[in-house]
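Listed below, chain by chain, are the residues.
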Amino acid sequence: MTRRVYLAPSLLSANFTRLADDVRRMEEGGADFLHVDVMDGHFVPNITIGPPVVQALKSVTELPLDCHLMISDPDRYVEAFAEAGAAWITVHVEAAIHLHRTVQLIRSLGVHPGVALNPATSLSAIEEILPDVDMVLLMSVEPGFGGQSFIPSLFRRARTVRRMLDDAGNGTCLIEADGGIKLENVREVYEAGVDVIVSGSGVFGTPDPVNTLRRMRELCS
Ligand code: DX5
Ligand code: ZN
């Protein structure tokens, strides 16, 4: 049986002066989600984009916007991202002090809640929240920048999260992997049980991003 794969190109590596063009190219390549990396210069050492850009993206695409909040105290901004048009909001377990409340807040706004973990964070940190989330995002690089090297513990971690989700009775939760995924390793990531593939430089850093995205889907089916 083949499992459905969702391709979520990360706009962090897109051309910020021509975002709508790159969005169109990702639509053409068959993207399922657009991955939007939000960084605050505090939780991670980089600053990217905020709700106004999400709102602008929403006006040019029907694709679900998968907003990955790499920010401290995410409760402060969840509502703004929901209003801007996020379909998914994922917060870091390392940044959300009252994670259960944050997840409930996201859901109450009609948005799919997700929880993200840095590569060195113990999976036990999400055990209690698994019944309540729609996505678990496993970082395969330290968050903050595109173009870093893939950390292979992702394979083992994805398999373990799948077992934990089964034990928690949450069979519909998606597992997303983010960081260092390219044509060369995408199949192995998918085979470890990952449902949602994020790729930034692995798509936009190639000569033909549309074709690269199509190739990624072929490799995962
Ligand atoms: C990293 C971001 C990623 C990043 C991935 O902090 O969360 O989504 O854009 O970029 P690549 O695919 O280049 O590693
Ligand atoms: Zn991301």
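The following refers to the structure shown. (Residues numbered from 1 in each chain as written. Chains lettered and ligands numbered in written order. Predicted model: local features only at pLDDT ≥ 70, side-chain atom pairs only at ≥ 80, totals over all residues. Heavy atoms only, no water.)

Turning next to the site of ligand 1. Taken together, 20 residues lie near ligand 1, and Asp37, Gly144, Asp178, Gly200 and Ser201 sit nearest. Gly147 is positioned such that a nitrogen or oxygen atom in its backbone is 2.8 Å from an oxygen atom of ligand 1. A total of 380 Å² of accessible area belongs to ligand 1 in isolation, and the protein chains cover 100% of it. Among the cavities detected, the one that contains ligand 1 is the largest cavity. Sorting the residues of the shell around ligand 1 by element identifies β2 (34-39), β3 (65-70) and β8 (196-199) as the ones contributing at least two each. No other element matches the 3 residues that β2 contributes to the shell around ligand 1. Its residues placed into classes, the shell around ligand 1 shows 7 nonpolar, 11 polar and 2 charged. (Near = heavy atom within 4 Å. Polar contact = N/O pair within 3.5 Å; in protein donor to acceptor, adjacent residues only side chain to side chain. Areas by Shrake-Rupley, 256 points an atom, 1.4 Å probe, with all protein chains shown as cover. 1 Å grid on protein atoms, 1.4 Å probe; cavity = no way out; pocket = protein on both sides within 12 Å on 5 of 7 lines; lining within 4 Å. Sits in = over half its atoms within 2 Å of the grid points. Helix = DSSP H or I, 4+ residues; strand = E, 2+ residues; numbered from the N terminus. Nonpolar A, V, L, I, M, F, W, Y, C, P; charged D, E, K, R; others polar.)

This next bit is on the nonpolar core. Core analysis: the biggest nonpolar cluster contains 64 residues, and Ile89, Ile126, Val136, Leu138 and Val189 have the highest contact counts within it. Here the element with the most residues in this core is helix α5 (residues 153-167); it accounts for 6 residues. Look past the residues within four positions of Val136 in its chain and what remains in contact with it is Val115, Leu117, Ile126, Leu130, Val161, Cys173, Leu174, Ile175 and Glu176. Core analysis: the next-biggest nonpolar cluster, separate from the first, contains 8 residues, Tyr6, Ala8, Met135 and Val198 among them. (Core = buried A, V, L, I, M, F, W, Y, C linked by side-chain atoms within 4.5 Å. Buried < 20%, exposed > 50% of the residue type's maximum accessible area, 1.4 Å probe, protein only. Contact = heavy atoms within 4.5 Å.)

Looking now at the coordination of the zinc ion (ligand 2). Surrounding the zinc ion (ligand 2) are the protein donor atoms His35 (NE2), Asp37 (OD), His68 (ND1) and Asp178 (OD), at 2.0 to 2.3 Å. Considering all 6 donor atoms around the zinc ion (ligand 2), angles at the metal cover 70 to 169° and the coordination shape is octahedral. Residue Asp37 is classed as buried on the basis of its relative accessible area of 7%. Given the relative accessible area of 8%, Asp178 is considered buried. (Donors = N, O, S within 2.8 Å, 3.2 Å for Na, K, Ca; no water. Tetrahedral: all angles 85-135°; square planar, octahedral: opposite > 155°, others 65-115°.)

With that out of the way, let us pick up the side chain of Arg157. Position of Arg157 among the secondary structure elements: in helix α5. Residues in contact with Arg157, not counting those within four places in the same chain, are Leu117, Asn118, Pro119, Thr121, Leu123 and Leu138.

What follows covers the packing of aromatic side chains. Considering all chains together, one arrives at 3 aromatic pairs under this definition. With a centroid separation of 5.3 Å and an interplanar angle of 15°, the aromatic rings of Tyr6 and Phe33 are classed as stacked. Residue Tyr6 is located in strand β1 (residues 6-9), and its partner Phe33 is located in the loop between α1 (19-29) and β2; the two are separated by 27 residues in the primary sequence. Accessibility classification places Tyr6 together with Phe33 in one group, the buried group. Taken together, a centroid distance of 5.5 Å and an interplanar angle of 50° make the contact between Phe33 and Trp88 tilted. One end of the pair, Phe33, is in the loop between α1 and β2; the other, Trp88, is in strand β4 (residues 88-92), and 55 residues separate them in sequence. Exposure remark for Trp88: the relative accessible area of 8% places this residue in the buried category. Here the basic side chain of Arg3 rests over the ring of Tyr190, its NZ or CZ set 4.4 Å away from the ring centre. When the ring centre of Tyr6 is taken as origin, the NZ or CZ atom of Arg4, which lies over that ring, is 4.2 Å away. (Phe/Tyr/Trp six-rings, centres within 6.5 Å; stacked < 30°, edge-to-face > 60°. Lys NZ or Arg CZ within 6 Å of the ring centre and 35° of its normal.)

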